[in-house]
Amino acid sequence: AQLAEGSAQLVATAASFCANPQADVGVLAAVLDAAQQGAQRASWAAVAAVAYWDSDDFDKESSQKMRRAAVQAAEVAEQYARDCAAAVKMVGKGKVVQRAFCKFYAENRCLKGSSCEFSHDANALPNLPLASKTELECAFFSKGQCTRGAGCPFAHGDEELDEIMRLKTGPAVSS
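Residues numbered from 1 in each chain as written. Predicted model: local features only at pLDDT ≥ 70, side-chain atom pairs only at ≥ 80, totals over all residues. Heavy atoms only, no water.

Looking at the overall build of the chain
- A count of helices and strands for the chain gives seven helices and zero strands.
- If you list the helices and strands of the chain from N to C, you get α-α-α-α-α-α-α.
- Among the 175 residues that make up the chain, the fraction classed as buried is 37%.
- Partitioning the intrachain contacts of the chain with sequence separation of at least 6 by distance along the chain shows that 64% fall at a separation of at least 24.
- Working note: accessible area of the chain is about 10,300 Å², and carbon and sulfur atoms make up 54% of it. (Helix = DSSP H or I, 4+ residues; strand = E, 2+ residues; numbered from the N terminus. Buried < 20%, exposed > 50% of the residue type's maximum accessible area, 1.4 Å probe, protein only. Contact = heavy atoms within 4.5 Å. Areas by Shrake-Rupley, 256 points an atom, 1.4 Å probe, with all protein chains shown as cover.)

A short note on the packing of helix 1 (residues 2–18) against helix 3 (residues 60–90)
- Contact pair helix 1 / helix 3: the axes reach a minimum separation of 8 Å and the direction vectors enclose 15°. Classified by the angle between their axes, helix 1 and helix 3 sit roughly parallel to one another. Between helix 1 and helix 3 lies a crossing whose hand is left-handed. On helix 3, the residues touching Ala4, Glu5, Ala8, Val11, Ala12, Ala14, Ala15 and Cys18 of helix 1 are Ala69, Ala70, Ala73, Val76, Ala77, Tyr80, Ala81, Cys84, Ala87 and Val88.
- Looking at the contact of helix 1 with helix 3 residue by residue, the class counts come to 17 nonpolar, no polar and one charged. (Axes fitted to C-alpha atoms, helices over the stretch in contact; angles between N-to-C directions. Parallel < 35°, antiparallel > 145°, perpendicular 65-115°, else oblique. Left-handed = near helix turned anticlockwise from the far one by under 90°. Nonpolar A, V, L, I, M, F, W, Y, C, P; charged D, E, K, R; others polar.)

Structural notes on the confidence of the model for the chain
- Looking at the chain as a whole, the pLDDT averages 78, with 88% of positions reaching at least 70.
- Of all helices and strands in the chain, the one with the weakest mean pLDDT is helix 4 (residues 94–99) (64), whereas helix 7 (residues 158–169) scores best (88). (pLDDT = per-residue confidence, 0-100.)

Concerning the environment of Asn108
- For Asn108, the position within the fold is in the loop between helix 5 (103–106) and helix 6 (139–142).
- Sequence separation between Asn108 and Thr147 is 39 residues; the distance between their C-alpha atoms is 8.0 Å.
- For Asn108, the residues in contact, after removing those within four places along its chain, are Phe140, Gln145 and Thr147.

A word on the environment of Thr147
- Tracing the backbone shows Thr147 in the loop between helix 6 and helix 7.
- Each C-alpha atom of the pair Thr147 and Glu107 lies 8.0 Å from the other, and the pair is 40 residues apart in sequence.
- Beyond its immediate sequence surroundings of up to four residues, Thr147 is in contact with Phe101, Tyr105, Ala106, Asn108 and Ala122.

Quick word on the state of the cysteines
- Tallied over the entire structure, the rule returns zero disulfides.
- Considering cysteine sulfurs only, Cys138 is the nearest to Cys146, which forms no disulfide, with 3.8 Å between them. (Disulfide = S-S within 2.5 Å.)

Considering a negative patch on the surface
- On the surface, Glu137, Asp158, Glu159 and Asp162 cluster together to form a negatively charged patch.
- Following the sequence through the fold, Asp158 ends up in helix 7.
- Its relative accessible area of 53% is what places Asp158 among the exposed residues. (Patch = residues over 30% accessible without salt bridge, like charges linked within 9 Å, V, L, I, M, F, W, Y side chains within 5 Å. Salt bridge = Lys/Arg side-chain N within 4 Å of Asp/Glu carboxyl O. Lys, Arg positive; Asp, Glu negative; His and termini not counted. Charge placed at Lys NZ, Arg CZ, Asp CG, Glu CD.)

Remarks on the side chain of His156
- Along the polypeptide, His156 turns up in the loop between helix 6 and helix 7.
- Looking at His156, the relative accessible area reads 16%, which means it is buried.

Okay, here's the thing in structure tokens:
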């Protein structure tokens, strides 16, 4: 619950910054991304709190309070992230929001659909060079559900994974 609440506070701070009309577009884009990441972190913390606090290690009343606090903090954090996007649009820098990829859509969890403030277009993500990708295969790609396209930080298929491994470890040295 503390992580969810801390993340909500971070996103609230970002939302207040997003209303600054003098803010640089690049800084706004970074703050908007940080707000989305904070909301995403709060959501993950709420899911973990719901799962963990069901344990027999805690009394039922404490468990319910902690779960409720975590879930409420996650909801508040998501609203602040959306408020941040709305504030950026209000100061006349809406293109920043249009370029920001929806973190919830990336996880197939965006409930806003076409009314979402953030982009659902994988082309909004910058293409990641293979050397910058993680040496793990994308779980969503293997199911045909990756929404990040070339901007995904994980390998898409065995060939790409092999190439990433080769780039990270360097060429094989024969003796």
